[in-house]
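Below, each chain spelled out in residue letters.
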Amino acid sequence: MTTTEPLAPGVRRGYALGSVATGTFGTVPGLLLLPYLTDHLGIAAIAAGAIVLVPKAWDVVLNPVAGRISDRSTHPAGRRRPFLLRGGLALAVCFALLFAGPTSPGWLGGAYVVLAFLACATAYAFFQVPYVAMPAEMTSDYDERTRLMSWRVAVLALAILVSGATAPMVVNAFGGQETTAGYRLMGVYVGLLLAVGVAGAWWGTRHAPQTRTGLASGTLREQLRVVAHAPDFRALLTCFVVQALGVGALLAGVAYVADDLLDSSAASTFLFAAFVGPAILVTPLWERYARTRGKKPGYVLSSVLLSLGALALLSTRTGEAGWAYAAAVLVGIGYAGAQVFPMAMLPDAAARDAERTGENRVGVYTGVWTAGETLGLALGPGLFALVLSSGGYVSSTDGDAAQPESALDAIAIGFSVVPAVLVAAGLIWLRRYRLDEETR
């Protein structure tokens, strides 16, 4: 059974290590894959956006299936843990191959990326869905779930900082966008980061408590129907997916802002440091806020800060890096809370169903959740690419194409206004979430 006792510190830290993998895979493709397609393979922006989207859209179908499979697992090592190692290591290998394909002709390179990214997305589903399902089965305590998510988000922020800052550095150190070597070495480097996070989470949770609720009856379609009719989960999921769309667009714009607006490839590293550094520091404060004020009020406040910070990033159009870094700090403060609170609210919603029915369909809940998150983060670069295309962005094979003023305007708008509006819009659906008040 799940426990209301505090989890051992080692279990919290071990579980949090999985965010090395989730943070890295959630960041690097969104940061570098679109520029790789447009500025190295010479693929048109709108086509590149579709290439990034298609494999991620596959996860929308696959993730609930992965959740259902893990729900019904009877492996002696645990219902979820074996999937962490198998899916996670497969992800590490597939990512190392993602940037290792042909670069000409462009259509062949694009086709290779689609297939390799599809393999990554498939492996990631069988790691991410069981991983996200674990907190609901490790503890039934409302505040302990927030503490667990605070550890996870702190490591997530650190993973985003390390991978987001260093992956472009590896590319630039070995020739930048003009050569293939930098991208290929970066793929291997990121694959190693993924493997470290996967192995750490698998080993660190070996003593974690596990629920013993019965397996959910019925077909996957019937289980999805039950999940779809859970009003609190539906409200929380919709808010999170809309905001993930905005975050995905913001991440996709970093490299373009650095190269075309701030005129410095190194600026992407500084933007990530300004963005993620504060997130690591304020995560414990958001946990304290949840204990005193509740998770939903914290989610609202952090979303407002994230939206205001994103809007302030419009200052990148002036080319003044200082204002951009200041705005990125505000984004990071809001982003930390906008991760801690929904991640802590998800197991509340999933576990409530298990408590009510005595059946475990946590994997289906988290499969739907991660499918929505994946779709949002995948649509984000596609949306940014659409904004680029509307501004007349010029693709190239060496990253040196001169951009018209309309394209520079599009970069700034896609990087700031679009994410700000989407993050704020998500709060419309959050108003319908009631479980926080009922739990407390």
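To keep things clear, this report deals only with the structure shown in the data block. Note that the coordinates shown come from a computational prediction; the quantities given were computed from them, not determined experimentally. Sequence order as written defines residue numbering, which begins from 1 separately in each chain. Given that the model is predicted, a residue must reach a pLDDT of at least 70 before its local features are reported, and side-chain atom pairs must reach 80 or more before they are shown or counted; all residues, however, enter totals for whole chains, interfaces and linings. Side-chain measures here rest on the full set of heavy atoms in the structure, leaving out hydrogens and waters.

Our focus in this paragraph is the overall build of the protein. A run of H or I in DSSP counts as a helix once it spans at least four residues, and a run of E counts as a strand once it spans at least two, with each numbered from the N terminus. Tallying secondary structure elements over the protein gives 16 helices and two strands in all. The burial tally for the protein puts 59% of its 440 residues in the buried class. In what follows, a contact means two residues having at least one pair of non-hydrogen atoms within 4.5 Å. Restricting the contact set of the protein to residue pairs at least 6 apart, pairs at least 24 apart contribute 84%. Exposed residues in this analysis have more than 50% of their type's maximum accessible area, buried residues have under 20%, and partly exposed residues fall in between, with area computed by a 1.4 Å probe over protein chains only.

Here we come to helix 9 (residues 231-261). Note that an α-helix has 3.6 residues per turn; residues three or four places apart therefore point the same way. A helix's residues, less one, multiplied by 1.5 Å, set its expected span. The end-to-end C-alpha distance of helix 9 is 43 Å, a good match for the 45 Å that 31 residues give at a rise of 1.5 Å each. Where helix 9 bends most, at G253, the angle is about 35°. The buried fraction of helix 9 amounts to 26 of the 31 residues, a majority that puts the element mostly inside the structure. Downstream of helix 9 by a residue or two, D263 has a phi angle that is positive, lying close to 55°. Two axes define the bend at a residue: one fitted to the seven residues ending there, one fitted to the seven starting there, and the bend is the angle between them.

Okay, the environment of Q243 next. Here Q243 lies in helix 9. Its relative accessible area of 4% is what places Q243 among the buried residues. The spacing of Q243 and A425 is 182 residues in sequence and 7.8 Å in space, taken between C-alpha atoms. Every residue in contact with Q243, bar those within four places of it in the chain, is listed here: Y299, S303, A338, L422, V423, G426 and L427.

Moving on, we come to the packing of helix 1 (residues 9-16) against helix 6 (residues 142-173). In this analysis an axis means a line fitted to C-alpha atoms, helices contributing only their contacting stretch, and an angle means the value between N-to-C directions, from 0 to 180 degrees. With their axes 8 Å apart at the nearest point, helix 1 and helix 6 run at an angle of 45° to one another. Judged on the interaxial angle alone, helix 6 and helix 1 are oblique. As for how helix 1 packs across helix 6, the hand of that crossing is right-handed. Between helix 1 and helix 6, the contacting residues are R12, R13, Y15 and A16 on the first element and E144, R147, L148, M149, W151, R152 and V155 on the second. In these notes the angle categories are as follows: under 35 degrees is roughly parallel, over 145 is roughly antiparallel, 65 to 115 is roughly perpendicular, and the rest is oblique. Should the near helix be turned counterclockwise from the far one by less than a right angle, the crossing is left-handed, whereas a clockwise turn marks it as right-handed.

The next subject is the packing of aromatic side chains. Here a Phe, Tyr or Trp ring, Trp counted by its six-membered ring, pairs with any other such ring whose centre lies within 6.5 Å, and the pair is stacked when the planes are under 30 degrees apart, edge-to-face when over 60, and tilted otherwise. Counted under the stated rule, the structure contains 19 aromatic pairs. Aromatic side chains F275 and Y335 sit 5.3 Å apart centroid to centroid with 50° between the ring planes, which places their arrangement in the tilted category. Within this pair, whereas F275 is found in helix 10 (residues 267-293), its partner Y335 is found in helix 12 (residues 321-357), the two being separated by 60 residues in sequence. This pair shows no difference in class: F275 is buried, exactly as Y335 is. Considering the side-chain rings of W286 and F341, the 5.6 Å spacing of their centres and the 80° angle between planes classify their relative orientation as edge-to-face. Of this pair, W286 sits in helix 10 while F341 sits in helix 12, and the two are 55 residues apart along the sequence. For the pair shown, W286 and F341 are each scored as buried. Ring pairs connect the aromatic residues F25, Y36, F95, F99, F117, Y124 and Y183, which therefore count as one cluster.

Let's shift gears to the environment of L85. Structurally, L85 can be placed in helix 4 (residues 81-98). Ignoring anything within four residues of it in the chain, the contact list for L85 reads V198 and W202.

Where empty space is left in the structure can be found by rolling a water-sized probe over the atoms. In this analysis the probe radius is 1.4 Å and the grid spacing 1 Å, with only protein atoms considered; a cavity is a set of points the probe fits into but cannot get out of, a pocket is an open set with protein on both sides within 12 Å along at least five of seven lines, and lining residues have an atom within 4 Å of a point. Grid points are joined across faces, edges and corners, and a volume is the space filled by probe spheres set on the points. Counted according to the given criterion, the structure contains three cavities of 30 Å³ or more. Considered as a void within the structure, the largest cavity measures approximately 420 Å³ in volume. G26, L251, Y335, E373 and L377 are the residues nearest the centre of the largest cavity, which is lined by 31 residues in total. Looking at the lining of the largest cavity, the elements with two or more residues in it are helix 2 (18-39), helix 3 (45-71), helix 5 (106-138), helix 6, helix 9, helix 12 and helix 13 (362-390).

So, on to the packing of helix 10 against helix 11 (residues 295-312). At their nearest, the axes of helix 10 and helix 11 sit 7 Å apart, and the two run at 135° to each other. One way to sum up the angle between helix 10 and helix 11 is to call them oblique. Contacts from W286, Y289, A290 and R293 of helix 10 reach helix 11 at K295, P297, G298, L301, S302 and L305.

Generally speaking, soluble globular proteins have nonpolar side chains that are buried together. Among buried residues, the Ala, Val, Leu, Ile, Met, Phe, Trp, Tyr and Cys ones that are joined through side-chain atoms within 4.5 Å form a nonpolar core. One finds L37, F95, M186, F233, Y299, F384 and I411 to be the most contacted residues of the largest nonpolar core, which totals 125 residues. When residues in this core are grouped by element, the largest group, 19 residues, is from helix 9.

Another aspect to go through is the state of the cysteines. The term disulfide is used for any two cysteine sulfur atoms that are within 2.5 Å. Using the criterion set out here, one finds zero disulfides in the structure. C94 forms no disulfide, and the closest cysteine sulfur to it belongs to C120, at a distance of 5.2 Å. By relative accessible area, which is 18% here, C94 ends up buried.

What follows deals with the pattern of salt bridges. Every case where a carboxyl oxygen of Asp or Glu lies within 4 Å of a side-chain nitrogen of Lys or Arg is listed as a salt bridge. The final tally for this structure, using the stated rule, is six salt bridges. Put simply, E287 and R291 hold a salt bridge, and the shortest N to O gap is 3.2 Å. A residue pair is termed a helical-turn pair when its members lie 3 or 4 positions apart in one helix, as E287 and R291 do in helix 10 at four residues. Across the salt bridge formed by E405 and R317, the nearest N and O atoms sit 2.5 Å from each other. On the criterion of sequence distance, the pair formed by E405 in helix 14 (residues 405-415) and R317 in the loop between helix 11 and helix 12 is long-range, its members being 88 residues apart.

Right, let's talk about a nonpolar patch on the surface for a bit. Candidates for patches are residues over 30% relative accessible area with no salt bridge; among them, like charges are joined within 9 Å and nonpolar side chains (Val, Leu, Ile, Met, Phe, Trp, Tyr) within 5 Å. The Shrake-Rupley method, run with a 1.4 Å probe sphere, supplies the accessible areas, and residue values consider only the shown protein chains as cover. Taken together, the side chains of W58, V60, V61, L115 and L118 define a hydrophobic patch exposed on the protein surface, amounting to about 430 Å² of accessible area. Contributing elements (two or more residues each) for the nonpolar patch: helix 3 and helix 5.

Here we take up unusual backbone geometry. For the bond running from S104 to P105, omega is -5°, close enough to zero to count as cis. Within the element layout of this structure, P105 appears in the loop between helix 4 and helix 5.

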